[in-house]
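Analysis of the macromolecular model
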Amino acid sequence: MTPIPAGISLDALSELPQYPTGTSFGPDIDTAHEILLSDAGADAKREAFLAWVARHQPCIFGRMATKSGTPAHGLAMNLCWIDEQMLTAGPHAVAAAIAGDRQIWKERSARGESSAFLVIFNSRRLAHARPGPEFARLCTDLASLYLSELAPIHPDVIYTEALPLRGRDGVLRLFKGSVQLFHTGAHLRRHHDRRIPGGVMISVNGPGHYANSLVTQGLCADLTESAPVVRRLAARSIGAGGLGDDRALSTTWHRDPRPAERDTAQWFSAAYHLDVLVESDVVTDPRIRTSPCPAHQQWSWLHLDYIDAHETTPTDRTHGWFHGTPIPERDLHHNPWPPVVPIDAPDFNY
């Protein structure tokens, strides 16, 4: 039995406050829900979800990684699908399913075959859940079933995943990956860019791992070549939200006043902190947001400058994001990165 922290339960799922039947989350999500919230089989639901991501997800990495067939630009992902039946089986069953898929993903990651991991909790009650403290608590419990080594997961904290990769030199290294929350109820809220159909998703993306895997795959000669590729993709994702509703605005935006040079931007701003796993004042806020973000809600100093080929050492706070830490074989599944409480300041990095 997969160990989980005391007090972690999925009982609250049946008690989540719900939106009324017929509530729209935008025509794109409503269409996807015709399959995702139906009695269709698991394969059909996965296909419908990935088709939505490939077309409607603001994150360029997400669109690329979920395209069917040959991975776009060498970027691929693994998918862990947790359905209603699994959720009903209880937290131990959910934790075991995630742990099994996570192990398989990390083995692929070490070979340079996957730089992203998506855990989908496909549930009608999660898809129709109203923002509020009950939903926030359930999200931290779901996250605890994934990041069991760091559980119990707390709100308003940055958690980091560890992605292994064996370099051309044969050395196994760990890279940091951001762990982020997406859910259906983000539609038209402060974190609209985090909307997805079908329920809740925990997404892991390792941009540095991806840049290094481009080298190990022979798609780029070295990091000097791959770093600008990854930086441009990251910059293109910023400000690309607002999909799915004519009233929606992107909830991330560039600070760089010269759009033509966004691929080298160092900073961006957002109405929420992208790497805080469960941001309590965001996922509990039911208010519609169709106007610019007020200053008191902004995170103004979010970094892109870590996506760079220059060498870092373990003494650098950003070490691990783009340059990996050598590890022994026994630590392939180890996650050494500690949680971090974010600060909105230009010198804060992690």
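Every value quoted in this text rests on a predicted model; they were computed, and no experiment measured them. (Residues numbered from 1 in each chain as written. Predicted model: local features only at pLDDT ≥ 70, side-chain atom pairs only at ≥ 80, totals over all residues. Heavy atoms only, no water.)

Enumeration according to the criterion identifies 2 cavities of 30 Å³ or more in this entry. Put simply, the largest cavity is a space of about 720 Å³. What lines the largest cavity is a set of 40 residues, among which Cys-59, Ser-178, Gln-180, Asn-205 and Leu-274 lie closest to the centre. Put simply, the parts of the chain that give the lining of the largest cavity at least two residues each are helix H3 (60-65), strand S2 (116-122), strand S4 (172-183), strand S5 (199-205), helix H9 (223-237) and strand S8 (299-303). Of the residues that constitute the lining of the largest cavity, the class distribution is 25 nonpolar, 12 polar and 3 charged. (1 Å grid on protein atoms, 1.4 Å probe; cavity = no way out; pocket = protein on both sides within 12 Å on 5 of 7 lines; lining within 4 Å. Points joined across faces, edges and corners; volume = space filled by probe spheres on them. Helix = DSSP H or I, 4+ residues; strand = E, 2+ residues; numbered from the N terminus. Nonpolar A, V, L, I, M, F, W, Y, C, P; charged D, E, K, R; others polar.)

In this structure, the largest pocket occupies an estimated 280 Å³ of space. Lining of the largest pocket is provided by 17 residues; of these, Gly-167, Arg-173, Phe-175, Asn-212 and Leu-223 occupy positions nearest its centre. Ranked by residue count, the leading element in the lining of the largest pocket is helix H8 (residues 207-216), at 3 residues. Of the residues assigned to the lining of the largest pocket, the class counts are 6 nonpolar, 6 polar and 5 charged.

Grouped together as the largest cluster of nonpolar side chains are 39 residues, with contacts concentrated most on Leu-87, Ile-98, Phe-121, Leu-126, Tyr-146 and Leu-277. Elements with a contribution of two residues or more to this core: strand S1 (77-82), helix H5 (91-110), S2, helix H7 (133-146), S4 and S5. Residue contributions to this core peak at 8 residues, all from H7. If we skip the residues at most four places from it in the chain, Phe-121 touches Ile-82, Leu-87, Val-94, Ile-98, Leu-126, Leu-142, Gly-198, Gly-199, Val-200 and Ile-202. In this structure, Leu-214, Val-230, Val-340 and Tyr-350 belong to the second largest nonpolar core, which totals 36 residues. (Core = buried A, V, L, I, M, F, W, Y, C linked by side-chain atoms within 4.5 Å. Buried < 20%, exposed > 50% of the residue type's maximum accessible area, 1.4 Å probe, protein only. Contact = heavy atoms within 4.5 Å.)

Turning our attention to the environment of Lys-176. One can find Lys-176 in strand S4. The class for Lys-176 is buried, based on a relative accessible area of 9%. For the pair Lys-176 and Leu-163, spaced 13 residues apart in sequence, the C-alpha separation works out to 6.2 Å. Beyond its immediate stretch of four places on either side in the chain, Lys-176 contacts Thr-160, Glu-161, Leu-163, Gly-206, Arg-317, His-319, Gly-320, Trp-321, Trp-337 and Tyr-350.

The next point concerns unusual backbone geometry. Omega for the peptide link from Ala-151 to Pro-152 comes to 5°, which places this bond in the cis form. Following the sequence through the fold, Pro-152 ends up in the loop between H7 and strand S3 (160-166). The backbone phi angle of Asp-156 is positive, close to 65°, even though this residue is not glycine. Looking at the secondary structure, you find Asp-156 in the loop between H7 and S3.

On the basis of which strands lie adjacent, the open sheet formed by 3 strands has the order S6-S7-S8 and antiparallel pairing. A single partner strand is all that each edge strand has here, and the edge strands are strand S6 (252-254) and S8. Taking each pair of neighbouring strands and ignoring which way they run, the sheet shows an average axis angle of 35°. With 3 bridges connecting them, S6 and strand S7 (residues 267-270) associate as antiparallel partners. Among the inter-strand pairings, Trp-253 is bridged to a residue of S7, identified as Ser-269. (Pairing = 2+ DSSP bridges. Axes fitted to C-alpha atoms, helices over the stretch in contact; angles between N-to-C directions.)

This brings us to the packing of H8 against H9. Where H8 contacts H9, the two axes come as close as 9 Å, and the packing angle between them is 140°. Considering their axes alone, H8 and H9 lie oblique with respect to each other. Judged by the twist between their axes, the crossing of H8 over H9 is right-handed. Two secondary-structure elements touch here, H8 through Pro-207, Tyr-210, Ala-211, Asn-212, Leu-214 and Val-215 and H9 through Leu-223, Ser-226, Val-229, Val-230 and Leu-233. (Parallel < 35°, antiparallel > 145°, perpendicular 65-115°, else oblique. Left-handed = near helix turned anticlockwise from the far one by under 90°.)

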